Amino acid sequence: MPPETTVQSLRPVPVPDEASAPFFEGGARGELMVQRCASCGAFMWPVKPRCVECFSGEVEWTPARGRAELYSFVVVHQRYPGFEEPYVVATVETPEGVRFNTSIVRSDADALTIGMQLTVVFEPVSDVVVVPKFAPAA
């Protein structure tokens with residue numbers, strides 16, 4: 001029998017694999033993790049086995065600052081199981097220079113503006129998976 005779960009999500013739950021496990025482990029600790037090249041210092045997203053700048057295989061995971069700027073967004077009004085519409089799907093850019101596709105929470109869609117400052121928040125979607133999302137910075 002599977003273990004009892006205390007966090008239930010109606011949304012699809014990501015399944016961490018070998019490549020993404022450090023990202024989700026960081027989320028469980030409250031850290032937004034990104035990859036960084038140990039050779040040249042370039043930050044990368046999405047997950048890569050080699051540096052996108054110098055092609056080094058010396059890629060490591062490091063905590064990001066947890067801040068971002070709203071790069072682009074769309075307000076979704078279509079019904080989709082597990083999502084309460086309207087909801088915001090966005091691309092954010094961190095000070096490290098990586099862009100994430102994510103959700104914007106704790107804000108009305110009408111209050112969002114391109115370039116606004118955001119901070120990471122973490123949402124547990126199962127007992128083992130915590131997903132980073134972004135909210136307007138205070």
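Since the structure is predicted, the reported quantities are computational estimates derived from the model, not experimental observations.

Cut-off values and rules
In every chain, residue numbers begin from 1 and rise along the written sequence. Where local features are concerned, this predicted model is filtered to residues with pLDDT of at least 70; where side-chain atom pairs are given and counted, the filter is 80 or more; whole-chain, interface and lining totals use all residues. The side-chain figures draw on all heavy atoms in the structure; neither hydrogens nor water molecules are used. When DSSP finds two or more bridges between a pair of strands, those strands are recorded as paired. A run of H or I in DSSP becomes a helix once it reaches four residues, and a run of E becomes a strand once it reaches two; helices and strands are each numbered from the N terminus. Between the rings of Phe, Tyr and Trp (Trp by its six-membered ring), a pair exists once the centres lie within 6.5 Å; its type follows the angle of the planes, with under 30 degrees stacked, over 60 edge-to-face, and the other angles tilted. Note on classification: 1.4 Å probe, protein chains only; a residue is buried when its accessible area is under 20% of the maximum for its type, exposed when over 50%, partly exposed between these limits. Charges are assigned to positions over rings by a cutoff of 6 Å between ring centre and Lys NZ or Arg CZ, combined with an angular limit of 35 degrees from the ring normal. Put simply, a salt bridge is a Lys or Arg side-chain nitrogen that is within 4 Å of an Asp or Glu carboxyl oxygen. As used here, the term nonpolar core means buried Ala, Val, Leu, Ile, Met, Phe, Trp, Tyr and Cys residues forming a set that is joined through side-chain atoms within 4.5 Å.

Draft legend 1. Focus on the sheet that holds strand E2 (residues 43–44). Read across the open sheet, the three strands follow the order E2-E1-E3; overall the sheet is antiparallel. Taken across any chain shown, the strands that pair with only one partner, and hence form the sheet edges, are E2 and strand E3 (59–63). Across two bridges, strand E1 (residues 33–37) lies against E2 in antiparallel orientation. Looking at E2, one finds that Arg36 is bridged to Phe43.

Draft legend 2. Local environment of the packing of aromatic side chains. Counted according to the given criterion, the structure contains six aromatic pairs. Geometrically, the ring pair formed by Trp45 and Phe100 is tilted, given 4.8 Å between the ring centres and 40° between the ring planes. With Trp45 in the loop between E2 and E3 and Phe100 in strand E6 (residues 99–104), the pair connects residues that are 55 residues apart, well separated along the chain. Look at Trp45 and you get partly exposed, because its relative accessible area is 27%. Three or more aromatic residues joined by ring pairs make a cluster, and in this case those are Phe23, Phe24, Trp45 and Phe100. The aromatic ring of Phe55 is capped on one face by Arg50, whose charged end is 5.0 Å from the ring centroid. A cation over a ring is seen here: Arg99 above Tyr71, with NZ or CZ 3.7 Å from the ring centre.

Draft legend 3. Examining the pattern of salt bridges more closely. Tallying each qualifying case throughout the model produces six salt bridges. Note that Arg79 is salt-bridged to Glu85, the shortest N-O span being 3.7 Å. You can call Glu85 partly exposed: its relative accessible area is 29%. Where Arg99 meets Glu93, a salt bridge forms, and the shortest distance between an N and an O atom there is 3.5 Å. With a relative accessible area of 39%, Arg99 lands in the partly exposed category. Judged by relative accessible area, Glu93 falls into the partly exposed class, the value being 25%.

Draft legend 4. A look at the nonpolar core. Among the nonpolar cores identified, the biggest contains 21 residues, and Leu32, Leu70, Val92, Phe100, Ile104, Leu118 and Phe134 are the most heavily contacted of them. Listing elements by their share of this core, those giving two or more residues are helix H1 (21–29), strand E4 (67–76), strand E5 (87–93), E6, strand E7 (117–124) and strand E8 (130–136). When residues in this core are grouped by element, the largest group, three residues, is from E5.

Draft legend 5. Representation of unusual backbone geometry. Geometrically, the link from Trp45 to Pro46 is a cis peptide bond, its omega value of 0° lying close to zero. Within the element layout of this structure, Pro46 appears in the loop between E2 and E3. The linkage connecting Glu85 with the following residue, Pro86, adopts the cis geometry, with an omega of -5°. Tracing the sequence through the fold places Pro86 in the loop between E4 and E5. Phi angles above zero are rare outside glycine, and Phe55 is one such case at about 65°. Mapped onto the elements of the fold, Phe55 is located in the loop between E2 and E3.

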